[in-house]
Amino acid sequence: MPRPWSFPVALDPAARAPLARQIAGAITGDIRKGRLKAGATLPGSRTLAATLGVHRNTVLAAYRELEAEGWIESLDRSTRVARDLPEDPGRGRGQGRGQGSGPGQGLGFDLKAPEAPPRSLRPPKGALNLGGGFPDLRLVPKDLLARAYRRALRAKDAPLGYGDPLGDARYRTAVAGLLSEMRGLAYGPERILATNGSQMALDLVARALLRPGDAVAVEDPGYPMAWAVLRAAGAEVLPVPVDAQGLRVDALEAILARRPLRLVYTTPHHQFPSTVTMSAPRRLQLLELARRHRVALVEDDYDFEFHFEGRPVLPLASADPAGVVIYLGTLSKVLAPGLRLGFVAGPARVVEALAAQRLLVDHHGDQVMERAVAELLEDGLLQRHGRRMRRVLLERRDALAEALQRRLGGALAFDVPSGGMSLWAEARMPGAAAWAARCLQAGVAFPGGRLFDFRQRDSPFFRLGFAALTPEELKEAVRRMAAALP
């Protein structure tokens, strides 16, 4: 049942306007503001009269006036806001029928022009989404997580008050163990900050390190949301090209020969979006270059768990004696993005500075959830789920690659990635953008390379994600893509 409409207005018997006119004006004001929607039921005349402390005839007079003007209508022994509202001459130019114009609807001051982040791919309902970058939510171990969350919430020491801005200590200890066991990072819990996702982690890094006008380097093609965060902190963002071995360190060195850089944002394990892995020689060159020029390397290792062939390459942070790497990670790809389980690991002074920045906007995250995930990590359940997800994604990668090769082998060229959640395909046909639009109409959605190009130039590349769809769904998606070929 909808909540009854309340009438927060003080009537003034000493005012020049009659009480009935004041009531009518208050109701039309709420309709203009959008507080009262078309079709909303108004209180009966007796009820409203008792609420306002006036005679019922006063309310009836107000209702008659409103009905005559077309604002309300009487139907089925009830009084409602008219569904077809009259044109309101008091409404601002450009406002349509039924749109509010009262307090809170306009803007009486200037806003700083924000960096407009790219919109995420939102396919129509029922479409098969190859957007990539997110897991299959149907596979989230909800029962395990729910039981652990209930235990964390019911515990005598449940973290329900204000806690450490670094995050729950037990969770950070568990993450430190995971990083040591799986990623070769010898970090104690005091060098880890829990965040609401890796995007928040990058934002805190930008707040702590950057001053307006600082220059930073990013990969091109790369991650537009990272560029938006860095620009929002006042940085000048400079692109560095990527090739088959990852970030081109020679191009980065050429930039440093001309001007200083404050930080470099990089995704060396599975470069976003091309999925290439930075070669070992370049990793060493990048670390040495950062050490020599005292540049922070922000390493975003967003999907480390999903490496399918050979041994995964350890993070830059695992070979960082100079203390130049700030490591960003997440558990969202193993579990679910809505849980917001990111973290930062790095030198102790950096983590302390990030915690100070975090206090300004968000004292700490969901420490009950952090405690629950800590239990799953301590019991090895999350690691086991991660291994299962790796097998699932490998099967899906192979299904997508085989279907693409069989149905679109002459139209798309790609290398099968050794890890990650998507593949990077190049269209070998004219009118690739028009083809992608036809695919969307056929119920298959995927982003084009222009989204990831620093200058938003036309690109023949497409990012095709396989993590969120079953092999059968992936095959159906490719069938539709092939049917949309010119």
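So, here's what we can say about the structure. (Residues numbered from 1 in each chain as written. Predicted model: local features only at pLDDT ≥ 70, side-chain atom pairs only at ≥ 80, totals over all residues. Heavy atoms only, no water.)

## Notes on the packing of helix 1 (residues 19-33) against helix 3 (residues 56-69)
Consideration 1: Put simply, helix 1 and helix 3 touch, their axes get as near as 8 Å, and they point 50 degrees apart. When the interaxial angle is binned, helix 1 and helix 3 end up oblique. The crossing of helix 1 and helix 3 is right-handed. Across from Leu19, Ala20, Arg21, Ile23, Ala24, Ile27 and Thr28 in helix 1, the residues of helix 3 making contact are Thr58, Val59, Ala61, Ala62, Tyr63, Glu65, Leu66 and Glu69.
Consideration 2: Along the lines of polarity and charge, the residues of the contact of helix 1 with helix 3 split into 10 nonpolar, two polar and three charged. (Axes fitted to C-alpha atoms, helices over the stretch in contact; angles between N-to-C directions. Helix = DSSP H or I, 4+ residues; strand = E, 2+ residues; numbered from the N terminus. Parallel < 35°, antiparallel > 145°, perpendicular 65-115°, else oblique. Left-handed = near helix turned anticlockwise from the far one by under 90°. Contact = heavy atoms within 4.5 Å. Nonpolar A, V, L, I, M, F, W, Y, C, P; charged D, E, K, R; others polar.)

## Things to note about the sheet that holds strand 1 (residues 41-42)
Consideration 1: Pairing is antiparallel across the open sheet formed by three strands, whose spatial order is 1-3-2. Of all strands in the sheet, those bounded by a partner on one side alone are strand 1 and strand 2 (72-75).
Consideration 2: Bridge analysis of strand 1 against strand 3 (residues 78-81) gives two bridges, and the strand direction is antiparallel. Along strand 3, the bridge assignment pairs threonine 41 with arginine 80.
Consideration 3: Contacting strand 1, strand 2 and strand 3, helix 3 crosses the sheet at an angle of about 105 degrees to strand 2. (Pairing = 2+ DSSP bridges.)

## A short note on the pattern of salt bridges
Consideration 1: Taken as a whole, this structure holds 33 salt bridges when the rule is applied.
Consideration 2: Close ionic contact of glutamate 378 with arginine 170 constitutes a salt bridge, the shortest N to O distance being 2.9 Å. Residue glutamate 378 is located in helix 11 (residues 367-378), and its partner arginine 170 is located in helix 5 (residues 169-183); the two are separated by 208 residues in the primary sequence.
Consideration 3: Overall, glutamate 378 belongs to the partly exposed group, its relative accessible area being 44%.
Consideration 4: Overall, the relative accessible area of 35% leaves arginine 170 in the partly exposed class.
Consideration 5: Overlapping salt bridges bring together Asp136, Arg138, Arg396 and Glu473 as one network. (Salt bridge = Lys/Arg side-chain N within 4 Å of Asp/Glu carboxyl O. Buried < 20%, exposed > 50% of the residue type's maximum accessible area, 1.4 Å probe, protein only.)

## Here's the deal with the nonpolar core
Consideration 1: Counting residues in each nonpolar core, the largest one holds 90 residues, and the members touching the most others are Leu464 and Met481.
Consideration 2: The element best represented in this core is helix 12 (residues 381-408), accounting for 10 residues.
Consideration 3: Not counting chain neighbours up to four residues away, the residues in contact with leucine 464 comprise Leu130, Leu400, Leu404, Leu412, Ser422, Leu423, Ala425, Phe446 and Met481.
Consideration 4: In terms of nonpolar packing, the next biggest core, distinct from the first, is built from 29 residues, Met200, Leu204, Ala296 and Leu328 among them. (Core = buried A, V, L, I, M, F, W, Y, C linked by side-chain atoms within 4.5 Å.)

## A few points about helix 14 (residues 471-483)
Because the α-helix completes a turn every 3.6 residues, residues three or four places apart line up on one side.
Consideration 1: Here helix 14 spans 18 Å end to end across 13 residues, near enough to the 18 Å set by a 1.5 Å rise per residue.
Consideration 2: Three or more residues of helix 14 are buried, namely Pro471, Leu474, Ala477, Val478, Met481 and Ala482. Axial view of helix 14: buried residues confined to an arc of 135 degrees, hence all on one face. Along helix 14, the residues that are exposed and aim more than 90 degrees away from the buried face are Glu472 and Ala483.
Consideration 3: Taken together, the buried residues of helix 14 touch strand 4 (128-129), helix 12, strand 13 (412-414), helix 13 (432-441), strand 15 (444-445) and strand 16 (461-465). (Expected span 1.5 Å × (residues − 1). Arc of directions from axis to C-beta.)

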